[in-house]
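Residues per chain, in single letters:
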Amino acid sequence: MVLRDLLVVDFTRYLPGPFASRELLRLGARVVRVEAPDGDPLRSVAPGWDAALNAGKESVVWDLDQDPRLGPALAACADVVLEGFRPGVADRLGVGHMDVPGSVVYCSVTGFGAGERRAGHDLNYAGWAGLLADTAPAIPPVQVADLAGGALFAVVEILAALVERERTGRGARVVVSMTHNAHRLAAHRLEGEPERTLTGALACYRIYETREGRFLTVSALEPKFWSRLCELIGRADLTSRQLDEDQEALAAELSSAIRQRSLAEWLELFEGEDVMAGPVWTLAEASLAFGEPESTKRPPHLGEHTGRWRAELASFEG
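Cut-offs used in this document
- Residues numbered from 1 in each chain as written.
- Predicted model: local features only at pLDDT ≥ 70, side-chain atom pairs only at ≥ 80, totals over all residues.
- Heavy atoms only, no water.
- Helix = DSSP H or I, 4+ residues; strand = E, 2+ residues; numbered from the N terminus.
- Buried < 20%, exposed > 50% of the residue type's maximum accessible area, 1.4 Å probe, protein only.
- Contact = heavy atoms within 4.5 Å.
- Lys, Arg positive; Asp, Glu negative; His and termini not counted.
- Charge placed at Lys NZ, Arg CZ, Asp CG, Glu CD.
- Pairing = 2+ DSSP bridges.
- Axes fitted to C-alpha atoms, helices over the stretch in contact; angles between N-to-C directions.
- Phe/Tyr/Trp six-rings, centres within 6.5 Å; stacked < 30°, edge-to-face > 60°.
- 1 Å grid on protein atoms, 1.4 Å probe; cavity = no way out; pocket = protein on both sides within 12 Å on 5 of 7 lines; lining within 4 Å.
- Points joined across faces, edges and corners; volume = space filled by probe spheres on them.
- Nonpolar A, V, L, I, M, F, W, Y, C, P; charged D, E, K, R; others polar.
- Core = buried A, V, L, I, M, F, W, Y, C linked by side-chain atoms within 4.5 Å.

Participant: Go over the overall build of the protein, please, and point to the residues and values.
Facilitator: On a plain count of helices and strands, the protein comes out with 13 helices and nine strands. In terms of overall dimensions, the protein has a C-alpha envelope of 80 × 45 × 40 Å along the principal axes. For the protein, buried positions account for 41% of its 318 residues. In the protein, 70% of the contacts between residues at least 6 apart in sequence involve partners at least 24 apart. Side-chain charges of the protein comprise 33 positive and 46 negative groups, with the mean position of each set lying 3 Å from the other.

Participant: Please set out the sheet that holds strand 4 (residues 80-83) residue by residue, giving values where relevant.
Facilitator: Read across the open sheet, the six strands follow the order 3-2-1-4-5-6; overall the sheet is parallel. Sheet topology places strand 3 (58-61) and strand 6 (172-177) at the edges, where each strand pairs with a single neighbour. With strand direction ignored, the average angle separating the axes of adjacent strands in the sheet is 20°. Relative to strand 6, strand 5 (residues 105-110) runs parallel, the two being bridged by six bridges. Pairing of V105 across the sheet is with A172, part of strand 6.

Participant: Any chance you could break down the packing of aromatic side chains for me, citing the residues and the numbers?
Facilitator: Summed over the entire model, instances satisfying the criterion amount to six aromatic pairs. Both rings, one in F11 and one in W62, keep their centres 6.0 Å apart while their planes meet at 65°; by these two values the pair is edge-to-face. Residue F11 is found in the loop between strand 1 (7-10) and helix 1 (16-26), and its partner W62 is found in the loop between strand 3 and helix 4 (70-76); the two are separated by 51 residues along the sequence. Judged by relative accessible area, which is 9%, W62 ranks as buried. Measuring from centroid to centroid gives 6.4 Å for F11 and F85, while their planes differ by 45°, and the two rings are tilted. On the criterion of sequence distance, the pair formed by F11 in the loop between strand 1 and helix 1 and F85 in the loop between strand 4 and helix 5 (89-93) is long-range, its members being 74 residues apart. When its relative accessible area of 4% is taken as the criterion, F11 is described as buried.

Participant: Give a detailed account of the layout of surface pockets, specifying residues and quantitative values.
Facilitator: The calculated volume of the second largest pocket comes to roughly 920 Å³. In terms of lining, the second largest pocket is formed by 19 residues, of which the most central are R22, A52, G291, E292 and P293. Every element with two or more residues in the lining of the second largest pocket is listed here: helix 1, helix 3 (47-54) and helix 12 (283-290). Partitioning the lining of the second largest pocket into residue classes produces nine nonpolar, three polar and seven charged.

Participant: Break down the nonpolar core for me, with residues and values.
Facilitator: Considering soluble globular proteins, one finds that nonpolar side chains tend to be buried as a cluster. In this structure, V8, L24, L82, V105, C107, I158 and L162 are the most contacted members of the largest nonpolar core, which totals 34 residues. Elements with a minimum of two residues in this core: helix 1, strand 4, strand 5, helix 7 (144-168), strand 6 and helix 8 (178-184). The leading source of residues in this core is helix 7, at nine residues. With residues near it in sequence (within four places) discarded, L24 still touches L3, V8, A29, V155, I158 and L159. Ranked by size, the runner-up nonpolar core spans 23 residues in total, among them L232, L238, A257 and I258.

Participant: I'd like to hear about the packing of helix 1 against helix 3, residue by residue, with values.
Facilitator: Taken N-terminus to C-terminus, the directions of helix 1 and helix 3 make an angle of 35°; their axes are 8 Å apart at the nearest point. Along its contact with helix 1, which presents P18, F19 and R22, the element helix 3 presents A52, L53 and N54.

In structure tokens:
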């Protein structure tokens, strides 16, 4: 495991930070969650998510009033510190980037960058970033800003900083802005054509209902894939109409054809064929095909490892 023997101390809550530290755990790091006495709110708001994000981690309760030194002591012995406080809070708590040794990779996951106090959640960041302009008021089914703009960009920056530390021995200060990074995911489109593909404006790139009410994805953008799809659904006459001005009329024809069979029947027909079509599976169905083996690790109970870490830190200081 590439991060074996590295310690990640995670002060974050909710989704972006814990997702990032879960990925670091998957790569071999030891991850300690530092929680307030009432725990990460995700424990009660979404216990299933909490379990999925934190299985295999350790939990230390930091009661600031009773033991103000515990958090700083944990941060001081970390290889990586993750925090998601509002600007100034980490410094006030004694776990800011200036409070840790110079060898620590210190990552702040923020909404808008260092020093920006504007509050927000994923939907707000995605809106600021321009991701929703083509499809509003529809809400994305996954937290793009939180997970891609925040968590995964944080992992990339942390891994790069750890590689640099191997060369120099010096840590780094990393600031991740979920809004800035979410914008980067779509900024390449600024100099291109008006977006048609992702808005349903093209009949050859849509989701269609099947006979029993399930759905089939079609993304036959290239002429050869479009042509083969039309042949297989029994509508070869539609081949020349791929770029018709009236895409809604074309989509209606395609929809009528696809509604003639069930999803299972279409998948059987397309098996082994060079077509761009597939199912809209449920998460459970997708997990059977692509999910990771069920983990035998469990999420930690709130504060389960507090005593062990107190003893370990006392030994370290001694």
